[in-house]
Amino acid sequence: LVSAELSITQEDYAEARVFAEDAYSSATTLNASWLKARAGLVKAICAERLGDVKAAIDLLTSAEQELGKQPDAETLWLVQAAMANALIKSGQEKAGTTHRQTAITTINRISSELSEDARERFLKNPAVVNALGVDAMTNSGMWKVPVQITTTVVAKEKGSTTDMGL
């Protein structure tokens, strides 16, 4: 699945899906439901990125069912966060909000069990930040608010690079 996740970062969703299918087949052979859920999550991300939100929701629903058989906390919050995004994209805001809250609850439960240093690193993870609905650039939950950009130009005397801290 690491190869699949790397393929996703390169936006090669066809390759990621092949790796995820292989992982799913192995998980079936091993009777590892949590691994099937993780592979399903990767397949769902591929479907969602390719615009097939319905398929993503179906795959994530299957992943949730697999996690019911063999829980895995990390995969659970990832599936819940992905489901929240897919449901919101499909216009199901209320259901998406419910899934987002479940992801947040799971993240908080995990972080409460970690040492202070580990908790800080965990909560700064970009996937966790995204699941919490906090903008990684500003560390603000206001990422849904449109930014107001003005076109006013202010004349400024040109300074040296030293004046700019360079």
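Structure: above.
All of these numbers come straight from a predicted model, not from anything done at the bench. (Residues numbered from 1 in each chain as written. Predicted model: local features only at pLDDT ≥ 70, side-chain atom pairs only at ≥ 80, totals over all residues. Heavy atoms only, no water.)

Chemist: How do you make sense of the overall build of the protein chain when you look at a structure like this?
Modeler: On a plain count of helices and strands, the protein chain comes out with 8 helices and 0 strands. Its helices and strands in sequence order give the protein chain the pattern α-α-α-α-α-α-α-α, from N to C terminus. Expressed as a percentage of the 166 residues in the protein chain, the buried residues total 34%. Looking at the protein chain alone, contacts between residues at least 24 apart form 47% of all its contacts between residues at least 6 apart. On the protein chain, roughly 10,900 Å² of surface is accessible, and the fraction owed to carbon and sulfur atoms is 55%. (Helix = DSSP H or I, 4+ residues; strand = E, 2+ residues; numbered from the N terminus. Buried < 20%, exposed > 50% of the residue type's maximum accessible area, 1.4 Å probe, protein only. Contact = heavy atoms within 4.5 Å. Areas by Shrake-Rupley, 256 points an atom, 1.4 Å probe, with all protein chains shown as cover.)

Chemist: What exactly am I supposed to notice about helix 4 (residues 53–69) here?
Modeler: An α-helical turn contains 3.6 residues, so a residue and the one three or four places further along point in the same direction. Its 17 residues place the ends of helix 4 25 Å apart at the C-alpha level, agreeing with the 24 Å of an ideal helix rising 1.5 Å per residue. Along helix 4, the residues classified as buried are Val53, Ala56, Ile57, Leu59, Leu60, Ala63, Glu66 and Leu67. Elements that come into contact with the buried residues of helix 4 comprise helix 2 (13–30), helix 3 (33–49) and helix 5 (73–89). (Expected span 1.5 Å × (residues − 1).)

Chemist: Explain the environment of Ala20 here, please?
Modeler: Looking at where Ala20 falls in the secondary structure, it is placed in helix 2. The sequence separation of Ala20 and Lys43 amounts to 23 residues, and the corresponding C-alpha distance is 6.2 Å. The residues contacting Ala20, other than those within four sequence positions of it, are Leu1, Ala4, Ala39, Val42 and Lys43.

Chemist: In this structure, what is going on with the packing of helix 4 against helix 5? I would like to understand it.
Modeler: Two packed helices can be described by the angle between their axes and the distance between those axes. Where helix 4 contacts helix 5, the axes come no closer than 9 Å and their chain directions differ by 155 degrees. Here helix 5 runs roughly antiparallel to helix 4, going by the angle between their axes. Once helix 4 is placed against helix 5, the crossing between them reads as left-handed. From helix 4, Val53, Ile57, Leu60, Thr61, Ala63, Glu64 and Leu67 reach across to helix 5, where they touch Thr75, Leu76, Val79, Gln80, Ala82, Met83, Ala86, Leu87 and Lys89. (Axes fitted to C-alpha atoms, helices over the stretch in contact; angles between N-to-C directions. Parallel < 35°, antiparallel > 145°, perpendicular 65-115°, else oblique. Left-handed = near helix turned anticlockwise from the far one by under 90°.)

Chemist: Can you walk me through the nonpolar core in this structure?
Modeler: Soluble, globular proteins show a tendency: their nonpolar side chains are buried together. One finds Leu41, Ile57, Leu60, Trp77, Val79, Ile107 and Phe122 to be the most contacted residues of the largest nonpolar core, which totals 25 residues. When residues of this core are traced back to their parent elements, those giving at least two are helix 3, helix 4, helix 5, helix 6 (93–112) and helix 8 (126–132). The contact partners of Trp77, leaving out residues within four places of it in the chain, are Ala103, Thr106, Ile107, Ile110, Phe122, Ala127, Val128 and Ala131. Among the nonpolar cores identified, the runner-up in size contains 7 residues, and Ala16, Ala20, Val42 and Cys46 belong to it. (Core = buried A, V, L, I, M, F, W, Y, C linked by side-chain atoms within 4.5 Å.)

Chemist: Is there a simple way to explain the packing of aromatic side chains in this structure?
Modeler: Two aromatic rings, taken as a pair, are described by how far apart their centres are and by the angle between their planes. What the rule picks out here adds up to 1 aromatic pair. Ring centres of Trp77 and Phe122 lie 6.3 Å apart, and the angle between their planes is 90 degrees; this geometry places the pair in the edge-to-face category. Of this pair, Trp77 sits in helix 5 while Phe122 sits in helix 7 (residues 116–124); the two residues are 45 residues apart in sequence, bridging distant segments of the chain. A residue is classified by how much of its surface remains accessible, and Trp77, at 3% relative accessible area, is buried. (Phe/Tyr/Trp six-rings, centres within 6.5 Å; stacked < 30°, edge-to-face > 60°.)

Chemist: Please clarify how the layout of surface pockets should be interpreted in this entry.
Modeler: Reported here for the largest pocket is a volume of approximately 620 Å³. Lining the largest pocket are 25 residues, with Ile45, Arg49, Leu78, Ala127 and Asn130 sitting closest to its centre. Those elements that place two or more of their residues in the lining of the largest pocket are helix 1 (2–9), helix 3, helix 4, helix 5 and helix 8. Among the elements that take part in the lining of the largest pocket, helix 3 stands out by supplying 7 residues, more than any other. Residue classes in the lining of the largest pocket are distributed as 18 nonpolar, 3 polar and 4 charged. (1 Å grid on protein atoms, 1.4 Å probe; cavity = no way out; pocket = protein on both sides within 12 Å on 5 of 7 lines; lining within 4 Å. Points joined across faces, edges and corners; volume = space filled by probe spheres on them. Nonpolar A, V, L, I, M, F, W, Y, C, P; charged D, E, K, R; others polar.)

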